[in-house]
Amino acid sequence: MSRNIIYKLLGAFIILAAVVLWILSLTVPETFGFFSLAWAGVIICGGLGLILLLQGTFQKNLSTIKKLKIWFGIALIVCGILCLVSELAIKDSLVIPIIALVVAVGLVITILATGGKKWDEGDNHKVGYKNYHQRKAEEEKDNKTND
């Protein structure tokens, strides 16, 4: 059994709930008439974005994969915000600051989740690293002392 099954099931249930509500809005408009495709987009994009954000924050992975999940989550949340803007007709002057706030929060979460690690941090950044020439010189020195 996959250890990511909770995230997968939660994502599937979010999509299922949005689709069921959308179908109910078409079949029973007097009760669920308020629900539209834009609301389904808000639920799906926002929910899946939050799941990816949580995965990127709490799973133990390479820092590149963590950052990728966090930024895809932020992108989905921004798509959810755009669906919400189209549904609620929020003022245009508020849209870009809200998106900028979400991106800034994503940047902070990325830094906290990865500990500020670079994606290309290699052995040469570790203390005591010796390059090829230094290792070769030590090998020759060891060979001379062993002879």
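Our structure is the block above this text.
Conventions used here
Residues numbered from 1 in each chain as written. Predicted model: local features only at pLDDT ≥ 70, side-chain atom pairs only at ≥ 80, totals over all residues. Heavy atoms only, no water. Helix = DSSP H or I, 4+ residues; strand = E, 2+ residues; numbered from the N terminus. Buried < 20%, exposed > 50% of the residue type's maximum accessible area, 1.4 Å probe, protein only. Contact = heavy atoms within 4.5 Å. Areas by Shrake-Rupley, 256 points an atom, 1.4 Å probe, with all protein chains shown as cover. Lys, Arg positive; Asp, Glu negative; His and termini not counted. Charge placed at Lys NZ, Arg CZ, Asp CG, Glu CD. Phe/Tyr/Trp six-rings, centres within 6.5 Å; stacked < 30°, edge-to-face > 60°. Core = buried A, V, L, I, M, F, W, Y, C linked by side-chain atoms within 4.5 Å. Polar contact = N/O pair within 3.5 Å; in protein donor to acceptor, adjacent residues only side chain to side chain. Patch = residues over 30% accessible without salt bridge, like charges linked within 9 Å, V, L, I, M, F, W, Y side chains within 5 Å. Salt bridge = Lys/Arg side-chain N within 4 Å of Asp/Glu carboxyl O. Expected span 1.5 Å × (residues − 1).

J.: Looking at this model, I keep getting lost on the overall build of the chain. Mind explaining?
T.: Along the chain, the regular secondary structure elements total six helices and zero strands. Reading the chain from its N terminus to its C terminus gives the helix and strand order α-α-α-α-α-α. Each principal axis of the C-alpha distribution contributes one length, and for the chain these read about 95 × 45 × 15 Å. Burial statistics for the chain: of 147 residues in total, 24% are counted as buried. The long-range fraction of contacts in the chain, counting pairs at least 24 apart against all pairs at least 6 apart in sequence, stands at 64%. Roughly 10600 Å² of accessible area belongs to the chain as shown, and the carbon and sulfur atoms make up 69% of that amount. Side-chain charges in the chain split into 15 positive and 11 negative, and the spacing between the mean points of these groups amounts to 4 Å.

J.: How should I be thinking about the packing of aromatic side chains in this particular structure?
T.: The description of an aromatic ring pair rests on the distance of the ring centres and on the angle between the ring planes. Under the defined criterion, the tally for this structure stands at one aromatic pair. The interplanar angle of 90 degrees and the centroid separation of 6.3 Å between the aromatic rings of Phe34 and Phe35 together place this pair among those described as edge-to-face. For Phe35, a relative accessible area of 6% translates into the label buried.

J.: I keep staring at the nonpolar core and nothing clicks. Help me out?
T.: Soluble globular proteins tend to pack their nonpolar side chains together in the buried interior. Membership of the largest hydrophobic core is limited to 10 residues, which are Leu53, Ile70, Ile74, Ile77, Val78, Ile81, Val85, Val95, Val102 and Ala113. Of all the elements in the fold, those that place two or more residues in this core are helix H4 (63-88) and helix H5 (92-114). With six residues, the single largest contributor to this core is H4.

J.: So what exactly am I meant to see when it comes to the side chain of Ser25 here?
T.: Structurally, the position occupied by Ser25 is in helix H1 (residues 5-27). Owing to a relative accessible area of 8%, Ser25 belongs among the buried residues under this scheme. Side-chain polar atoms of Ser25 contact the backbone oxygen of Trp22, separated by 2.6 Å. Residue contacts for Ser25: discarding those within four places in its chain leaves Phe32 and Phe35.

J.: Would you explain a nonpolar patch on the surface in this entry?
T.: Among the surface-exposed residues, Ile5, Ile6, Leu9, Phe13, Leu16 and Val20 lie close enough to one another that they form a single nonpolar patch of about 560 Å² accessible area. Using a relative accessible area of 31% as the deciding quantity, one classes Ile5 as partly exposed.

J.: Even after reading the chapter, I still don't get H4, so can you show me in this structure?
T.: A turn of α-helix holds 3.6 residues, and therefore any two residues three or four places apart point the same way. For H4, built from 26 residues, the straight-helix expectation of 38 Å at 1.5 Å per residue is met to within 8% by its first-to-last C-alpha distance of 37 Å. If you check which residues of H4 are buried, you get Ser63, Lys66, Lys69, Ile70, Gly73, Ile74, Ile77, Val78, Gly80, Ile81 and Val85. Packing partners of the buried residues in H4 comprise helix H3 (37-58) and H5. At the C-terminal side of H4, Ala89 shows a positive phi close to 55 degrees.

J.: I'm lost on the environment of Leu24 in this one. Help?
T.: Along the chain, the position of Leu24 falls in helix H1. Sequence-distant contacts of Leu24, that is, excluding residues within four places in its chain, are made with Pro29 and Phe32.

These values are about where atoms sit, not about what they do.
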